[in-house]
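Descriptive structure summary
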Amino acid sequence: MLLRPATAGDLDLLSAMLVEACNWDGNPWFTVETARSDDKVWRYLAGWPRTDDFGVVAEIDGVPAGASWARLVPGGYGYVADDVPELTLGVAAAFRRRGVARALLGALAEAARPSYRRLSLSVDPQNPAADLYRAAGFVKVGVSGTSDTMVLDL
Ligand SMILES: CC(C)(COP(=O)(O)OP(=O)(O)OC[C@H]1O[C@@H](n2cnc3c(N)ncnc32)[C@H](O)[C@@H]1OP(=O)(O)O)[C@@H](O)C(=O)NCCC(=O)NCCS
C-alpha cells in the first residue's frame, strides 16, 4: 500500500469517498451529483484544496483504494472548535478490511500534527467505523443529531 498526500487532482476520488461516507449504511442516499448540489455535504470538498486543507490517499497496486482528508468546517457535523479540522474517510468497497482505513487515519494524524492539536469527526454509532476511530484514539465528546462527535488529541 502506498500512502501519499492528496492533491488537487484527487478531487474525483475524494468526491467518491465523500459519497461512500454519506452512504455508509449501504443505502444510496447520495450520488456525486447530489452531493455536489447539497451545501451541507459539499462543504467538505468545495474549493478543494483550500490553503488549510490536507489529506492522504491510499493506493494499492497503483489503484486508488481510499482517502481521508480534513478541513476547518465551521458548523460542520463534527465541529468542536474553529481551530479543529474535521476529517472525512472512505475506502472503496473492493479494498475494505485490509487495514487501508487504519493506515489512512494514522497518516492523516501525522499530517495534522505540525499544525493542529486535535482532529474531530462525526460518526453514526451504528457505523463500524466508530470502532476503528476508538481504536485509533478518538474519544466521544458529544452528540449531534443521530451521530457522535469524536475527537483525537494529537
Ligand atoms: C469504515 C471504512 C472506512 C473502513 O475501511 P477499511 O479499510 O475496511 O477499514 P480497516 O480495514 O482499516 O479496518 C480497521 C478496523 O476497523 C473495524 N472495521 C472496519 N470495517 C468494519 C466492518 N465493516 N465491520 C466491523 N468492523 C469494521 C475493524 O475493527 C477493523 O479491524 P479488523 O479488520 O482487524 O477487524 C469503510 O468500510 C468505508 O469506507 N465505509 C463507508 C464510508 C464510511 O463509513 N466512512 C466513515 C464515515 S464516519
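In what follows, the accompanying structure is described. All values reported here derive from a predicted model rather than from experimental measurement.

**Some details on the site of the ligand**
The local shell around the ligand holds 19 residues, among which Trp24, Arg96, Ala101, Pro128 and Leu132 are the closest. Those elements giving two or more residues to the shell around the ligand turn out to be helix H1 (11-22), strand E4 (86-91), helix H4 (100-112) and helix H5 (129-135).

**Brief notes about unusual backbone geometry**
Here Trp48 and Pro49 are connected by a cis peptide whose omega angle stands at -5°. Within the fold, Pro49 resides in the loop between helix H3 (39-42) and strand E2 (54-60). Although it is not a glycine, Asp61 adopts a positive phi angle of roughly 50°. The backbone of Arg97 shows a phi angle near 60°, a positive value even though the residue is not glycine. Among the secondary structure elements, Arg97 is positioned in the loop between E4 and H4. Among the residues examined, Arg97 registers 8 C-beta atoms within 10 Å and is labelled exposed.

Conventions adopted
Residues numbered from 1 in each chain as written. Predicted model: local features only at pLDDT ≥ 70, side-chain atom pairs only at ≥ 80, totals over all residues. Near = placed C-beta within 6 Å. Helix = DSSP H or I, 4+ residues; strand = E, 2+ residues; numbered from the N terminus. Buried ≥ 20, exposed ≤ 12 C-beta atoms within 10 Å, placed from the backbone.

Just distances and angles here, no functional claims.
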